[in-house]
Amino acid sequence: MTYLPNPARYDTMPYRRCGSSGLRLPAISLGLWQNFGEKDTLGNCRTLLRTAFDAGITHVDLANNYGPPPGAAEETFGRLYASDFRPYRDEFIISTKAGYGMWPGPYGDGGSRKYLVASLDQSLRRTGLDYVDIYYHHRPDPHTPLEESMGALATLVRQGKALYVGLSNYPAAEARRACTILRELGTPCLIHQPKYSLLVRTPEDGLLDALADEGVGCIAFSALAQGVLTDKYLQGVPADSRAARQLGNGAIEESQLNPANLEKARQLNALATERGQTLAQLALAWVLRDPRMTSVIIGASKPQQITDAVRCLDAPRFGDEELARIEVILAG
């Protein structure tokens, strides 16, 4: 059947301006890091994308190595784009990345011009797109001059293969340098994607301030600590969970489900219940409380996880006492 999206999809989703640019992103974005690989059914992947778009989630986040295996998520997205979403291309922001190992030999990893250009060409073929909206360098490469990596991003924008460029996993000082280079090349950095959650707060140590100074948006990944900050693991490890499936490619390992993290999750869950939220909703709302945050990326294996996440936007703002209580829980 022909897909007809929800006509009310833009009525409730807030869209936040990305840094000092003219681009706005939905407060919630859908990441295809896991659950879009060869082991995942196309029917479920279709349902996830339709559920997200029907809720006003217009931003889909990919990378060359997402799957598993690497490349599979882009291929799956490409099949669904061709069958369901091509008529709505101009309503989507589609991003992809390169920076981790993707193919054998010295040119399939890192930040060289050779790798970044070749990788985006491959990503466009897998997805069936003429261009991506955002192309990220996925991580710093200490073996490649930053000028070369940023120059490659700028070249790809000039070639029309990407509209904007971004950074991911860059520390504050290196992000500032990269932003300066990109600005001088006439291709300002649009956005930075760090890991940020109640349990991983590294971006607060200078990165968020740096991005605000540079006029760069920020979009968090792993805001739910890959499931630790949900009710999924409070009573053990379900057989169909990421931890039990041992997906690799950065998926959660059972070692992350340590007693300290689980105790924090239980106490945060109690606070979430008092607020009329799920633990996942509280964790997402906490990340989005900061005005420097443009969006937060969620992953999902079931459509109800998407609809549950979107409801985080309905909760009241955190009060000072609640924020103080969260700090006590996290320090415990």
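Look a little higher up for the structure.
All values derive from a computational prediction rather than experimental measurement.

Student: Which residues make up helix α2 (residues 72-85), and what values do they have?
Tutor: Taking 1.5 Å as the rise per residue, α2 with 14 residues should run 20 Å; its terminal C-alpha atoms sit 18 Å apart, in good agreement. Most of α2 is tucked away, with 10 of its 14 residues classed as buried. Of all the residues in α2, the buried ones are A72, A73, E74, T76, F77, G78, L80, Y81, D84 and F85. Residues of α2 that are buried sit in contact with α1 (42-54), β4 (59-61), β5 (93-98) and α3 (113-127).

Student: Tell me about the sheet that holds β5, and name the residues and values.
Tutor: Within the closed barrel, the 8 strands sit side by side as β3-β4-β5-β6-β7-β8-β9-β10. Their pairing is parallel. Direction aside, neighbouring strands of the sheet carry axes that sit 30° apart on average. As judged from the 3 bridges shared by β4 and β5, these two strands associate in the parallel manner. From the neighbouring strand, V60 faces β5, where its bridge partner is I94.

Student: Before we move on, could you go through the pairing of strand β9 (residues 217-220) and cite the residues and values that matter?
Tutor: Side chains G217 and I219 project from β9 onto one buried face, and the interleaved C218 and A220 project onto a second face that is buried too. Looking at chain direction, strand β8 (residues 189-193) and β9 are connected through 2 bridges and run parallel. The residue of β9 that forms the bridge with I191 is G217. One crossover worth recording links β8 to the parallel β9 by way of helix α6 (residues 207-214), and it is right-handed. With 2 bridges joining them, β9 and strand β10 (residues 295-298) adopt parallel strand pairing. From the neighbouring strand, I219 faces β10, where its bridge partner is S295.

Student: Provide a residue-level description of the pairing of β10, including the pertinent values.
Tutor: Burial along β10 is two-sided: S295 and I297 and V296 and I298, pointing in opposite directions, are all buried. Judged from the 3 bridges that link them, strand β3 (residues 28-31) and β10 form a sheet pairing that is parallel. Among the inter-strand pairings, L30 is bridged to a residue of β10, identified as I298.

Student: How would you sum up the packing of aromatic side chains? Please name residues and give values.
Tutor: Inspection of the entire model under this criterion finds 12 aromatic pairs. An aromatic cluster is defined as three or more aromatic residues linked by ring pairs; in this entry it consists of Y3, F53, F85, Y88 and F92. Positioned above the aromatic ring of Y107 is the side chain of K114, whose terminal nitrogen or guanidinium carbon lies 6.0 Å from the ring centre. Residue placement shows R289 over the ring face of W286; its charged tip is 4.0 Å from the ring centre.

Student: Account for the layout of surface pockets, naming residues and giving values.
Tutor: Empty space left among the atoms is revealed by rolling a probe the size of a water molecule over them. Put simply, the second largest pocket is a space of about 320 Å³. Around the second largest pocket, the lining is made up of 14 residues, and of these R16, A285, L288, R289 and R317 lie nearest the centre. Its residues assigned to classes, the lining of the second largest pocket comprises 9 nonpolar, no polar and 5 charged.

Student: Give me the nonpolar core: which residues, what numbers.
Tutor: Generally speaking, a soluble globular protein has its nonpolar side chains buried in company with each other. With 106 residues, the main nonpolar core has F77, Y135, M150, L198 and L268 as its most contacted residues. At 9 residues, helix α9 (residues 279-288) tops the list of elements feeding residues into this core.

Parameters and conventions
- Residues numbered from 1 in each chain as written.
- Predicted model: local features only at pLDDT ≥ 70, side-chain atom pairs only at ≥ 80, totals over all residues.
- Heavy atoms only, no water.
- Helix = DSSP H or I, 4+ residues; strand = E, 2+ residues; numbered from the N terminus.
- Expected span 1.5 Å × (residues − 1).
- Buried < 20%, exposed > 50% of the residue type's maximum accessible area, 1.4 Å probe, protein only.
- Contact = heavy atoms within 4.5 Å.
- Pairing = 2+ DSSP bridges.
- Axes fitted to C-alpha atoms, helices over the stretch in contact; angles between N-to-C directions.
- Right-handed = clockwise from strand over helix to strand, strands pointing away.
- Phe/Tyr/Trp six-rings, centres within 6.5 Å; stacked < 30°, edge-to-face > 60°.
- Lys NZ or Arg CZ within 6 Å of the ring centre and 35° of its normal.
- 1 Å grid on protein atoms, 1.4 Å probe; cavity = no way out; pocket = protein on both sides within 12 Å on 5 of 7 lines; lining within 4 Å.
- Points joined across faces, edges and corners; volume = space filled by probe spheres on them.
- Nonpolar A, V, L, I, M, F, W, Y, C, P; charged D, E, K, R; others polar.
- Core = buried A, V, L, I, M, F, W, Y, C linked by side-chain atoms within 4.5 Å.

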